[in-house]
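Remarks on the overall topology
Residue strings, one per chain:
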Amino acid sequence: MSTCLVTGGAGFIGCAMSAGLAGRFGRVVAMDNLHPQVHATPGRPAALHKGVELLRLDITEPADWDRLLADCDPQVVIHLAAETGTGQSVTEAARHTHVNVTGTAVMLDALLRNRRIPSRFVLASSRAVYGDGAWIDPVSGDIAYPGTRNRAQLAQGEWDYGARRALPSCAATTPAGPASVYGATKLAQEHVLKAWCAAQGAALAVTRLQNVYGPGQSLSNPYTGIVALFCRLARAQKSIPLYEDGRMLRDFVLIDDVVAALLAVLDQPGPLQAHYDVGTGEALAIADIGARIAALYGAPAPHVCGEYRFGDVRHASCRIDAMRQEFGWRPRFSVEQGLARLQHWIEMQFEIEAAVS
Ligand SMILES: NC(=O)c1ccc[n+]([C@@H]2O[C@H](COP(=O)([O-])OP(=O)(O)OC[C@H]3O[C@@H](n4cnc5c(N)ncnc54)[C@H](O)[C@@H]3O)[C@@H](O)[C@H]2O)c1
C-alpha cells in the first residue's frame, strides 16, 4: 500500500484534503509544526481525518526529517507547509524565505540523504507568483506587464495602469513576476522543486491556487484569509474596511472545489512537469464580496478606509482551461453557496467555543 506525506497537513487545505487522501493511500502522514499563528490551540485539529498520522515536526529542521523518514517511505508528497502572509512577508522576508524556500530544500536533501525518492510531488503554489500579471490596452489590444506599483503611484491613489485592463493569468502564457516576498518564495519553491524532480526523475504538478476560502480556514490568523477576516468583522457588526478603492478583483474559490482539484491532479497523473491554475475562473471585486458578507450578517456596509498595502496586487484572476481539459475538473460552488457554508461553519465554531468555556 502506498504512502502519502503531506507537509503542512494540519492546516486549512491539508485538513480539508485528509479524508480524500485517507481513502486513496494505505498510509497518510501529515508533517506539521502546528504553527501558533495558524493554530489557536496546539492540539490535533478536529478536522484532520482520523486515518491520518500527525507528526509535530518542522520542515526546516533536518533532524525532524531524519526522524520522520526513518519510518516513512512516501511515494507521493503533497507540499503545503508554508508561511502564507502576503503583507507580513514584506516586513518578515527572512521568516517567509526560511520556511518556504529553505524548508523546501531541507526536505529535498533529507529525502535524498534517507534514500527516499518519491515518484510524485504536488506543490500548492499561489497566484502570487504572477504579481500584477498582464494588462491589455482595450483600444490597441497591446499587452504589457507593468510590474509592481511603486510607492508614489500608491500614495497618489493611482491604483490601475491607466486605461489598461488586467487579464486573467494563465500558467502557459503569463510570465511570473511576484510583487510580494511571499510570491517570490512560492516561485522559488516551484523552481527548486522543478530542478530537483527533473534530476531525480520524479513527477511534479504545480497548482497555482487563487484565494481559497471556506470552512476550516483559521479564524485566529490575522495575516491571511481575507474572507474569514471579513466574516469576523461583520459578525461583530463592524463595517469592513476596504483598501485602495475597494475595486481590486480576486478569484474566490471554495475549499471544497480546491480539494476536488488537488485530488483530480493526484488521481490522474499528468505530464512529468506541469502547472495548473486553480480558481473559479471568475473575478469579484473586494467591495462586492465585502458587501455580500456584510449583508449575510446584517452588518453596516463596508467602507473605503483609504489604506493600501505593499505587496498587494491590483487584480488577480485566472483561466482554468487546463484543469478543465486535462482533468475534467470544474468549480461546483457559487460564491453565495460558499459564503453560506462558511457562515454556518463559523457559527458552529462559536457554539463549540461557548459550550466548552
Ligand atoms: N489558502 C489560500 O488561499 C492559498 C492560496 C494560494 C496558495 N496557498 C498555499 O497552499 C498551502 C497551504 O495553505 P493553507 O491555506 O492550508 O495554509 P495554512 O496556514 O492553513 O496551513 C499551512 C500549514 O503549514 C504548517 N507549517 C507552517 N510552517 C511550518 C513548518 N516550518 N514546518 C511544518 N509545518 C509548518 C502550519 O502549521 C499549517 O498547519 C501553502 O503552501 C500556501 O502557500 C494557499
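Attention here is on the structure that accompanies the text. What you see is a predicted model; the values in this text were computed from it and never measured. (Residues numbered from 1 in each chain as written. Predicted model: local features only at pLDDT ≥ 70, side-chain atom pairs only at ≥ 80, totals over all residues. Heavy atoms only, no water.)

Quick look at the overall build of the protein now. Regarding its fold elements, the protein presents eleven helices and 16 strands. Against the compact-globule benchmark of 21 Å for 357 residues, the protein has a radius of gyration of 20 Å, which places it among compact chains. Across its three principal directions, the C-alpha atoms of the protein cover 55 × 55 × 40 Å. By sequence separation, contacts in the protein at least 24 residues apart represent 81% of the contacts at least 6 residues apart. Once the 32 positive and 34 negative side-chain charges of the protein are each reduced to a mean point, those two points are 2 Å apart. (Helix = DSSP H or I, 4+ residues; strand = E, 2+ residues; numbered from the N terminus. Rg over C-alpha atoms; globule rule 2.2 N^0.38 Å. Contact = heavy atoms within 4.5 Å. Lys, Arg positive; Asp, Glu negative; His and termini not counted. Charge placed at Lys NZ, Arg CZ, Asp CG, Glu CD.)

Let us now look at the sheet that holds strand E9 (residues 203–209). Sheet architecture is open: seven strands sit in the order E3-E2-E1-E4-E5-E9-E14, paired in parallel fashion. Two strands in the sheet have a free side with no partner beyond their single neighbour: strand E3 (52–56) and strand E14 (273–278). Mean inter-strand twist for the sheet, computed between neighbouring axes without regard to direction, equals 20°. Taken together, the four bridges between strand E1 (residues 3–7) and strand E4 (residues 76–79) define a ladder with parallel strand orientation. Residue pairing across strands places Thr7 opposite His79, the latter belonging to E4. Across the sheet, helix H2 (residues 62–70) touches E1, strand E2 (27–32) and E3, and the angle it forms with E2 is around 165°. Contacting E4, strand E5 (120–126), E9 and E14, helix H6 (residues 181–200) crosses the sheet at an angle of about 165° to E5. (Pairing = 2+ DSSP bridges. Axes fitted to C-alpha atoms, helices over the stretch in contact; angles between N-to-C directions.)

Since one α-helical turn is 3.6 residues long, residues separated by three or four positions face the same way. Within H2 the residues assigned to the buried category are Asp64, Trp65, Leu68 and Leu69. Down the axis, H2 shows its buried residues gathered within 120° of arc, on one side only. Residues Ala63, Arg67 and Ala70 are exposed on H2 and point more than 90 degrees away from its buried face. Close packing links the buried residues of H2 with E1, E2, E3 and helix H4 (93–113). (Buried < 20%, exposed > 50% of the residue type's maximum accessible area, 1.4 Å probe, protein only. Arc of directions from axis to C-beta.)

Below, the discussion takes up a nonpolar patch on the surface. Residues Met348, Ile352 and Val356 make up a contiguous nonpolar surface patch of roughly 290 Å² in combined accessible area. Looking at the element boundaries, Ile352 is found in helix H11 (residues 335–356). Owing to a relative accessible area of 47%, Ile352 belongs among the partly exposed residues under this scheme. (Patch = residues over 30% accessible without salt bridge, like charges linked within 9 Å, V, L, I, M, F, W, Y side chains within 5 Å. Areas by Shrake-Rupley, 256 points an atom, 1.4 Å probe, with all protein chains shown as cover. Salt bridge = Lys/Arg side-chain N within 4 Å of Asp/Glu carboxyl O.)

Let us look at the site of the ligand. Among the 28 residues in the neighbourhood of the ligand, the closest are listed as Asp32, His39, Leu80, Tyr182 and Lys186. Contact between the ligand and Asn33: a nitrogen atom at 3.2 Å from a main-chain N or O atom of the residue. At 2.7 Å, a side-chain N or O of Lys186 approaches an oxygen atom of the ligand. Elements that contribute at least two residues to the shell around the ligand include exactly helix H1 (12–22), E5, H6 and strand E10 (211–213). Sort the elements by how many residues they give to the shell around the ligand and E5 lands first, with three residues. Class assignment of the residues belonging to the shell around the ligand gives a composition of 15 nonpolar, ten polar and three charged. (Near = heavy atom within 4 Å. Polar contact = N/O pair within 3.5 Å; in protein donor to acceptor, adjacent residues only side chain to side chain. Nonpolar A, V, L, I, M, F, W, Y, C, P; charged D, E, K, R; others polar.)

The next thing to look at is the side chain of Asp32. Structurally, Asp32 is set in strand E2. It turns out Asp32 is buried and unbridged, and the closest side chain with the opposite charge, Arg56, is 7.2 Å from it. In this structure the side chain of Asp32 is engaged in a polar contact, spanning 3.4 Å, whose partner is the backbone nitrogen of Gly9. Asp32 has contacts with Gly8, Gly9, Ala10, Gly11, His39, Leu54, Leu55, Arg56 and Leu57, leaving out every residue within four places of it along the chain.

A few words now on the sheet that holds strand E6 (residues 135–136). Spatially, three strands are ordered E7-E6-E8 in an open sheet, and the strand pairing comes out antiparallel. Edge positions in the sheet fall to strand E7 (143–144) and strand E8 (165–166), since each has one partner strand and no second. The pairing of E6 with E7 spans two bridges and is antiparallel. The partner of Ile136 across the bridge, within E7, is Ile143.

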